[in-house]
Amino acid sequence: MKFADILGHSSIKKTLINSANSGRIPHAQMVIGSEGSSALPLAMAYAQYIACLNKTDDDSCGTCSSCVKYNQLIHPDLHLSFPFIGSNETCDDYIQDFRKAFLSNPIMSFGDWLQSIDSENKRANINIKECRNIIRKLALKPYESDYKVLIMWLPEFLGKEGNVLLKLIEEPPANTLFFLVTENQDLILSTIISRTQFIKIPAYPIEEIEQFLLNNQLAGGDLARNAALMSEGNLNKAIKLANELENPQFELFRAWMLDCYLGQIYKIMDELENYTEKGKESLKMLFTYGIHMLRSAMLFKHQDLSSKLSAQELEFVGKLSNLIGLDAAKEIYDGFNKAIFEIDRNGSVKLILINLSLTLKNNLKSKTVQKV
Ligand SMILES: [Zn+2]
């Protein structure tokens, strides 16, 4: 992966290139970026640049023998580690799956990764056997490049077993580089954190995401804007939202709200459960969309939202704003967030939907007769 293949982040790319060319590459670096921020692709492009045989001042060549192997993640001096399922396995057992998943979506989320190996409801980790595997691999000399590189995606999945890597990270064998790519540094063993230098990757600006969706024809005018606004700087989420927004998510959401308002919370349950068959990411998108509608309803009387919402949505949000007071909005907002949290932790979809529907029913004012 070349730097040019990654959206934006121009100043970070410059910093990484300068570091690669300085001759003093820090041997253990923590790349910190929230989901959908391109942290992992940047680490890959950085490693590819370091190994490139024909690099320029601003990118790897993409065509030398090293880049060709990097492009397929099969370079013998590139070692990849990531969360997976099982205590007797190592990343070597999953490497084909990981290559395929990353190459088809370099900004995949952890949820996308588990979905790609049909393990959405299983507990992933980076186990002790994998840690020992890393120690063994890095004891070898580089085969083709000046450096061996270990890119570990989501070191937050290292349990205390990760402590066996401390010595290696602190005093690595010659010509060894560690790039740890995390979404949440607070979840990483402090003993590891203290041994690394940080590279912080900010979330993408909304405008940059909107432009990306438009340029790649992933969504047109209003939809691109909406998906970008709802994505909170997560490019992966924005692409999915753009896709979802093309679908009749709005109709399902409106029907759900109406049924909750009328107290018929079981009426739409089958339809909602059918929707979840598309995967739990779709359900999270529906809840995120709910939060977006709720926020818009709260802003409706104070802001002109016509550039941010479709005509249908605007009408719906206007009615919703008459039904929900501030306290109720807070309850509903918490309900959606709790549901997203529980979905991530593999809670029962049915129970989550019932609880959320009850919260909605109790907080949508029943005294107003007007239909939503
Ligand atoms: Zn090259």
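Predicted, not measured: the structure shown is a model, and the values here were computed from it. (Residues numbered from 1 in each chain as written. Predicted model: local features only at pLDDT ≥ 70, side-chain atom pairs only at ≥ 80, totals over all residues.)

Undergrad: How should the overall build of the protein be read in this particular structure?
TA: Each helix and strand counted, the protein has 17 helices and seven strands in total. For 372 residues, the compact-globule estimate of 2.2 N^0.38 gives 21 Å, and the C-alpha radius of gyration of the protein, at 23 Å, lies within 12% of that figure. For the protein, the spread of C-alpha atoms along the principal axes amounts to about 75 × 40 × 30 Å. For the protein, with 372 residues in total, the buried portion stands at 39%. Expressed as a percentage of contacts within the protein between residues at least 6 apart in sequence, the contacts between residues at least 24 apart total 72%. (Helix = DSSP H or I, 4+ residues; strand = E, 2+ residues; numbered from the N terminus. Rg over C-alpha atoms; globule rule 2.2 N^0.38 Å. Buried ≥ 20, exposed ≤ 12 C-beta atoms within 10 Å, placed from the backbone. Contact = placed C-beta atoms within 7 Å.)

Undergrad: How should the packing of helix α13 (residues 269-276) against helix α17 (residues 349-363) be read in this particular structure?
TA: In helix packing, the relevant descriptors are the interaxial angle and the interaxial distance, both defined with respect to the helix axes. The N-to-C vectors of α13 and α17 enclose an angle of 135°; their axes lie 11 Å apart at closest approach. One element, α13, and the other, α17, form an angle in the oblique class. Classified by chirality, the crossing of α17 by α13 is right-handed. Contact with α13, carried on its side by Met-269, Leu-272, Glu-273 and Thr-276, involves Val-349, Lys-350 and Leu-353 of α17 and no other residues of that element. When the residues that make up the contact of α13 with α17 are grouped by side-chain class, the tally is four nonpolar, one polar and two charged. (Axes fitted to C-alpha atoms, helices over the stretch in contact; angles between N-to-C directions. Parallel < 35°, antiparallel > 145°, perpendicular 65-115°, else oblique. Left-handed = near helix turned anticlockwise from the far one by under 90°. Nonpolar A, V, L, I, M, F, W, Y, C, P; charged D, E, K, R; others polar.)

Undergrad: Help me understand the environment of Gln-185, please; the structure alone is not making it clear to me.
TA: Note on placement: Gln-185 falls in the loop between β6 (176-182) and α8 (190-193). For Gln-185 and Leu-358, which are 173 residues apart along the polypeptide, the C-alpha to C-alpha distance reads 36 Å.

Undergrad: Would you take a moment to explain the environment of Leu-314 for this structure?
TA: By the secondary structure assignment, Leu-314 is in helix α15 (residues 311-323). On the neighbour-count criterion, Leu-314 (15 C-beta atoms within 10 Å) is partly exposed. When sequence neighbours within four positions are dropped, the list of residues in contact with Leu-314 reads Leu-305, Ser-306 and Leu-309.

Undergrad: What exactly am I supposed to notice about the environment of Ile-209 here?
TA: Assignment of secondary structure puts Ile-209 in helix α9 (residues 206-215). C-beta crowding within 10 Å serves as the criterion here: with 29 such atoms nearby, Ile-209 is assigned to the buried category. Setting aside chain neighbours within four positions, we find Ile-209 in contact with Tyr-204, Ala-228, Ser-231, Leu-235 and Ala-238.

Undergrad: Please clarify how the domain arrangement of the protein should be interpreted in this entry.
TA: Reports of interface size often rely on the accessible area that becomes lost once the parts have come together. One can read the domain layout of the protein as domain 1 (3-201) and domain 2 (247-363). Between the C-alpha centres of domain 1 and domain 2 there is a distance of 37 Å. Contact with domain 1, which involves four residues of that partner, is made by four residues of domain 2. Class assignment of the residues belonging to the side of domain 1 that touches domain 2 gives a composition of no nonpolar, three polar and one charged. (Domains from an automatic or database assignment.)

Undergrad: Sorry, what's going on with the sheet that holds strand β2 (residues 78-81) here?
TA: Sheet strands pair by backbone hydrogen bonding; their relative direction is either parallel or antiparallel. Strand order across the open sheet formed by five strands is β2-β5-β6-β1-β7, with parallel pairing between neighbours. If you trace the sheet from one side to the other, it starts and ends with β2 and β7 (197-201), each paired once. With strand direction ignored, the average angle separating the axes of adjacent strands in the sheet is 20°. As paired strands, strand β1 (residues 28-33) and β7 are joined by five bridges and run parallel to one another. (Pairing = 2+ DSSP bridges.)

Undergrad: Looking at this model, I keep getting lost on unusual backbone geometry. Mind explaining?
TA: Even without a glycine there, the phi angle at Ser-38 is positive, about 75°. Within the element layout of this structure, Ser-38 appears in the loop between β1 and α2 (39-51). Judged by local crowding, Ser-38 falls into the buried class, with 24 C-beta atoms found within 10 Å. With phi around 60°, Leu-73 is a residue other than glycine that occupies positive phi space. Residue placement: Leu-73 occurs in the loop between α3 (65-71) and β2.

Undergrad: How should I be thinking about helix α12 (residues 249-261) in this particular structure?
TA: Think of an α-helix as turning once every 3.6 residues; residues three or four places apart then point the same way. Under the 1.5 Å per step criterion, the end-to-end length of α12 is 18 Å for 13 residues, consistent within 8% with the ideal 18 Å. The positive-phi residue at the C-terminal boundary of α12 is Gly-263, with phi of around 80°. (Expected span 1.5 Å × (residues − 1).)

Undergrad: Before we go on, may I ask you to explain the pairing of strand β5 (residues 148-153) in this structure?
TA: It is a general feature of regular strands that their side chains alternate between the two faces of the sheet. Here β5 lies mainly inside the structure; six of its six residues are buried. The alternating pattern of β5 places Lys-148, Leu-150 and Met-152 on one face and Val-149, Ile-151 and Trp-153 on the opposite face, and all of these are buried. Bridge count between β5 and β6: six bridges; the pairing is parallel. Bridging across to β6, Leu-150 finds its partner in Phe-178.

Undergrad: Would you mind going over the nonpolar core with me for this structure?
TA: The tendency in soluble globular proteins is for nonpolar side chains to be buried side by side. Within the largest apolar cluster, 96 residues are counted, with the highest numbers of intra-cluster contacts made by Ala-43, Ile-151, Phe-179 and Ala-227. The greatest single-element share of this core, amounting to 11 residues, is contributed by α2. Here this core spans two domains, and each of domain 1 (3-201) and domain 2 (247-363) adds at least three residues to it. If we skip the residues at most four places from it in the chain, Ala-43 touches Val-31, Ile-151, Phe-179 and Val-181. (Core = buried A, V, L, I, M, F, W, Y, C linked by C-beta atoms within 7 Å.)

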